[in-house]
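# Structure at a glance
One letter stands for each residue in the lines below.
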Amino acid sequence: PQQLQHLLSAASRTTEDAVRLTEQLLALTRVEHAREMHSPERVDLGDLARQVTQTHLLRAHQQGDDLGLELLDQNVLVQGVAMLLQEALSNLLDNALHHGGPDTHVTVRVVAHGVEVEDDGPGIAPEHQAHVFERFYRAAAPGVSGSGLGLAIVQEIARQHGGRVELHSPLAKGRGTRIGLFWPVPQV
């Protein structure tokens with residue numbers, strides 16, 4: 001019975017990983033062709049941050065993580081495709097929750113020219129930081145699942161929207177990561 005339970009658990013993890021990889025490959029394809037299918041519109045990053053944070057609240061709670069939202073600036077409007085910007089922020093938040101470890105504090109923050117996700121997890125080692133935005137590059141610890149596509153998707157969405165992605169890690173006492181999507185000047 002215990003061996004069967006172990007096999008079922010491993011099969012479930014493999015299936016979940018395959019589903020996640022498929023979802024991320026589809027997201028990457030959508031991102032690469034989005035400009036052909038969607039017209040840019042005004043997107044309020046505060047509203048976007050609220051929606052994405054709300055979507056991830058239950059998962060964070062179930063994992064024992066603390067997820068919060070800070071709107072340091074109001075009416076931060078950018079020109080873009082809302083669905084893609086939601087995908088980018090969702091990927092940043094998903095990474096923080098997935099790689100942060102138990103009891104992680106994660107904050108989604110809207111600032112003057114963008115939105116960022118900060119966590120107090122283990123951080124990203126300096127030797128990995130130049131590569132984490134490459135497709136299929138994984139800096140995760142052994143045994144931690146993932147496709148290595150999330151940050152590549154964020155980078156492509158930023159590029160398409162005239163923005164940039166900034167990564168800072170570690171933040172304090174050798175821990176923590178902050179990754180943000182920023183625009184050089186207000187776009188709207």
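A short tour of the structure in this document, coming up. (Residues numbered from 1 in each chain as written. Predicted model: local features only at pLDDT ≥ 70, side-chain atom pairs only at ≥ 80, totals over all residues. Heavy atoms only, no water.)

We now examine the overall build of the chain. Assigned secondary structure in the chain consists of 5 helices and 7 strands. Counting helices and strands in the order they occur from the N terminus, the chain gives α-β-α-β-β-α-β-β-α-α-β-β. Counting all 188 residues of the chain, 38% fall into the buried class. Across the chain, contacts joining residues at least 24 apart in sequence account for 68% of those joining residues at least 6 apart. Of the roughly 10,300 Å² of accessible surface on the chain, 54% is carried by carbon and sulfur atoms. (Helix = DSSP H or I, 4+ residues; strand = E, 2+ residues; numbered from the N terminus. Buried < 20%, exposed > 50% of the residue type's maximum accessible area, 1.4 Å probe, protein only. Contact = heavy atoms within 4.5 Å. Areas by Shrake-Rupley, 256 points an atom, 1.4 Å probe, with all protein chains shown as cover.)

Attention now moves to the packing of helix 2 (residues 45-63) against helix 3 (residues 82-99). In contact at an axis separation of 10 Å, helix 2 and helix 3 are set at 25 degrees when each is read in the N-to-C sense. With respect to their mutual orientation, helix 2 and helix 3 come out roughly parallel. In the packing of helix 2 onto helix 3, the handedness of the crossing is right-handed. Facing helix 2, whose interface residues are Leu 48, Ala 49, Val 52, Thr 53, His 56, Arg 59, Ala 60 and Gln 63, helix 3 presents Ala 82, Leu 85, Gln 86, Leu 89, Ser 90, Leu 93, Asp 94, Leu 97 and His 98. Of the residues in the contact of helix 2 with helix 3, the class split is 9 nonpolar, 6 polar and 2 charged. (Axes fitted to C-alpha atoms, helices over the stretch in contact; angles between N-to-C directions. Parallel < 35°, antiparallel > 145°, perpendicular 65-115°, else oblique. Left-handed = near helix turned anticlockwise from the far one by under 90°. Nonpolar A, V, L, I, M, F, W, Y, C, P; charged D, E, K, R; others polar.)

This structure, assessed with the given rule, holds 9 salt bridges. Of the charged contacts in the structure, one is a salt bridge between Arg 109 and Glu 118, with a shortest N-O distance of 3.0 Å. The class of Arg 109 is buried, set by a relative accessible area of 11%. Residues joined in a network through salt bridges with shared partners are Glu 70, Arg 109, Glu 116, Glu 118 and Arg 178. (Salt bridge = Lys/Arg side-chain N within 4 Å of Asp/Glu carboxyl O.)

Strand order in the open sheet formed by 5 strands is 2-4-5-7-6, and the pairing between neighbours is mixed. Across the chains shown, the open sheet's two edge strands, defined by having one partner strand only, are strand 2 (66-71) and strand 6 (164-168). Each strand of the sheet is rotated relative to its neighbour by a mean of 15 degrees, with strand direction disregarded. Against the sheet, helix 2 makes contact with strand 2, strand 4 (105-111) and strand 5 (114-119), and its axis sits at roughly 170 degrees relative to strand 2, the strand it touches most. (Pairing = 2+ DSSP bridges.)

Moving on: the pairing of strand 5. Of all the 6 residues making up strand 5, 5 are buried; the element is thus mostly covered by neighbouring parts of the structure. Pairing analysis gives 6 bridges linking strand 4 to strand 5, with the strands arranged antiparallel. When the bridges of strand 5 are listed, Val 108 appears paired with Val 117. Count of turn residues in the strand 4/strand 5 antiparallel hairpin: 2 residues. Note: strand 5 against strand 7 (residues 177-182), 6 bridges, orientation antiparallel. By the bridge assignment, Val 117 is partnered in strand 7 with Ile 179.

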